[in-house]
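If you want the building blocks of each chain, they are given just below.
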Amino acid sequence: MTTKIASQEMKSLHFNPRKPAMTKGDRAVGAVSHTALSIWSLIVILPLLWTFMSSFKTSSEIFASPFALPSQWRFDNYVRAWTEAGIGSYFLNSVIVVGSALVIVMVLGAMCAYVLGRYVFFGSKAIYYLMLAGLTFPIFLAMVPLFFVMRNIGLLNTLPGLILVYVGFALPFTVFFLFSFFKSLPHEITEAAALDGAGEWRTFFQVMLPMAKPGLASVAIFNFLGLWNQFLIPVAINAAGPRVLSQGLAAFAGQMGYAVDFGALFAAVTVTVVPVLIVYIIFQRQLQGSVSQGTSK
Amino acid sequence: MTLVKAKTLRVGDGASAVVVPDTAPPVYKRRRKPLTFDKISFFVVFLGVPLAIYLLFVIWPFIQAFGYSLTDWSGFSPKQNFIGLQNYQKLFTDDIFMKAMGNNILLVIFLPIITIVLSLVLATLVTVGGSSKGQIKGLRNSSFYRVVSFFPYTIPAIAIGIMWGQIYDPSGGLLNGILTSLGMDQFKSYAWLGDKNTAMIATMFVIVWGFIGFYMVLFVAGIKGIPAELFEAARIDGAGRFRTAVSITIPLIRDNIQTAYIYMGILALDAFVYMAALNSGGGPDNSTLVMSQQLFFTAFTKGQFGLASAMGVVLAVATLIFSGLVFLVNRLTGGDKDVSL
């Protein structure tokens, strides 16, 4: 009620501090900004839409005109991509590998970061710097020796081997990010837990881990994207093993060269892109929050 | 131990303890808690398991790579002869590898600067495009742009490469379709990736396309972290939008820019996925060949693991030099001045 009166008074004075009038310059800047950003958005969206549309066309339709809509919305491209090209099984392999690696690396990374962040002991600094070193060196440097490590322990070209390597390479980022997170949690809470009789294990799993949820979520999102998109590691140490999606996609694109089943290729790309895109659109708020968190550290 | 006992005695001493204040501050004797099974198992599992995986699959291969690079090992023979720095000598006289290194340097020079400038411009448009009066606000309805811009980052790089490979396709691709429909008939069946003059530029465009949105979101987050009072103060002092962006925004998100520059540079030194997807053979006249491709080929096709490891070391050294240079330049141009809040 009071606000209503207040706003009426404002109106009668022709003065409204809440909504300043846009000046001419503001409008011009706004218009230019919107135009520039719209052009950029088009550059992003058009290729994606075109890929999506082409995934319903036959090869001859694609070559006849890049713009024309498909004569009918046929799904046989998807069926062919999913079964004949094996995208379905690659997809499943990717889900298994990335899912397992993600769970393992989050648990192990949180444990390691917790110990490094909250206990001071001989060598704790050295371990921390060792983790940093893993972030600095290019993965390429490790590929050749890694190939032989995997062969010697008999995990070359297997999914469990791939999972372990994914865990190893995602670990430094996870530890590095969660380290500062665990460090910032108040010490009183651990003390309270200890007074209540909780051991080290219980304190971690029932007290600290739930408190670290926001940090864990951010890291998990980035790890998921990083591992799902990983290409080099599977190509190097899983070349003859059951393929994951990124690897299978490359093989499919490479082998067809002349066989020309472009419709199925577009369908395969769409199958790869769309699930992650949908998940992103659902979680985009959290993700943009994590970007700002991840870089302010 | 005696001290603690004396203290408890005095506290138990009823009235006197209340009246007489503690003259000495309470002294806690630090002593090691007995190592229980709980504690030992906790440390072993929490530190041991992650470290074991990390050392075996990451650190050990890194160390081995340096060793291999000094041998002529071909991987499948049991014999490896120590040949000192001969592999490196071979690399620096190998025309193809030097060509690849040149391409990497080209990428390192152009990719970060183009990506960061464009994403900074877009981030600035989103954040200061709003009204110049009243509360400091971003551009209206701009969250749509932010969401869309981030799309490419969620797409696997290999899918981006394959998609753009089709867009650049000479006869059925989207790009030539658009250009010819605009009346530019000379592009009727122009092979963007098949001509050595355009292959590199076309490839760079794809990588830039994939990362602008990510860095834009990163910079927007950085700019939003700057307190609004600073922008208000600048405005009261008469700074326009451009001046505000140059004198307030960029210095304050300098650390973000440095991080972005290093990430982008490391990516440019690798670039394997994009090159493999767009021109797996290195492009016309090796115009898009990069060191990582050459490494992969040398190792897993030719089986020259010693030589390939030397390439890996060169790549690692290049990465370190690049990061060091970025830090140095940032420092020399005044980045160490404390402008943070």
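Residues numbered from 1 in each chain as written. Chains lettered and ligands numbered in written order. Predicted model: local features only at pLDDT ≥ 70, side-chain atom pairs only at ≥ 80, totals over all residues.

Which parts of the structure should I look at to understand the overall build of chain B?
The helix and strand tally for chain B stands at 16 helices and zero strands. Counting all 341 residues of chain B, 43% fall into the buried class. Within chain B, counting contacts between residues at least 6 apart in sequence, those at least 24 apart form 69% of the total. (Helix = DSSP H or I, 4+ residues; strand = E, 2+ residues; numbered from the N terminus. Buried ≥ 20, exposed ≤ 12 C-beta atoms within 10 Å, placed from the backbone. Contact = placed C-beta atoms within 7 Å.)

Teacher, can you tell me more about the confidence of the model for chain B here?
Predicted coordinates in regions of low pLDDT should not be interpreted in detail. Residues and elements named next belong to chain B. In the predicted model, chain B carries a mean pLDDT of 83, and the fraction of residues at 70 or more is 84%. Considering each helix and strand of chain B separately, the mean pLDDT is smallest for helix 1 (residues 2-11), with a value of 40, and largest for helix 8 (residues 157-167), with 93. Of the regions scoring below 50 in pLDDT, residues 1-23 engages in five contacts with residues more than four places distant in sequence or in other chains. Across the interface, the model reports ipTM at 0.83; the global pTM reads 0.84. (pLDDT = per-residue confidence, 0-100.)

Could you clarify how one ought to interpret the nonpolar core in this entry?
Across soluble globular proteins, nonpolar side chains show a tendency to be buried alongside one another. Within the largest apolar cluster, 166 residues are counted, with the highest numbers of intra-cluster contacts made by A101, Y166, L178 and A268 of chain A. Not counting residues within four places of it along the chain, the set of residues in contact with A101 of chain A comprises I163, Y166, V167, A170 and L227 of chain A. (Core = buried A, V, L, I, M, F, W, Y, C linked by C-beta atoms within 7 Å.)

Help me out: how do you make sense of the environment of T244 of chain B in this one?
Residues and elements named next belong to chain B. With respect to the helices and strands, T244 occurs in helix 12 (residues 241-252). Separated by 158 residues in sequence, T244 and Q86 have C-alpha atoms that sit 55 Å apart. If we skip the residues at most four places from it in the chain, T244 touches V128, F231, A234, A239 and T249.

Looking at this structure, how should I read the interface of chain A and chain B?
A common measure of how large an interface is: the accessible area buried when the components associate. Across the boundary between the two partners, chain A contributes 73 residues, which contact 81 residues of chain B. The dominant element in the side of chain A that touches chain B, judged by the number of residues it contributes, is helix 2 (residues 24-54) of chain A, at 15 residues. When the residues that make up the side of chain A that touches chain B are grouped by side-chain class, the tally is 52 nonpolar, 19 polar and two charged. (Nonpolar A, V, L, I, M, F, W, Y, C, P; charged D, E, K, R; others polar.)

Is there a simple way to think about the environment of T203 of chain A in this case?
All names here are of chain A. Tracing the chain through its elements places T203 in helix 10 (residues 200-211). Residue T203 is classed as buried on the basis of its C-beta count, with 22 C-beta atoms lying within 10 Å. For the pair T203 and L185, spaced 18 residues apart in the sequence, the C-alpha separation amounts to 13 Å.

Looking at this structure, I do not really get the packing of helix 2 of chain A against helix 5 (residues 95-128) of chain B. What am I missing?
Describing two packed helices takes the angle between their axes plus the distance from one axis to the other. Interhelical geometry of helix 2 of chain A versus helix 5 of chain B gives an angle of 135° and a closest axis separation of 10 Å. The angle between helix 2 of chain A and helix 5 of chain B places the two elements in the oblique class. Relative to helix 5 of chain B, helix 2 of chain A is oriented so that their crossing is left-handed. Of helix 5 of chain B, the residues touching helix 2 of chain A (which contributes S33, A36, L37 and W40 of chain A) are L122, L125 and V126 of chain B. Considering only residue class, the contact of helix 2 of chain A with helix 5 of chain B consists of six nonpolar, one polar and no charged. (Axes fitted to C-alpha atoms, helices over the stretch in contact; angles between N-to-C directions. Parallel < 35°, antiparallel > 145°, perpendicular 65-115°, else oblique. Left-handed = near helix turned anticlockwise from the far one by under 90°.)

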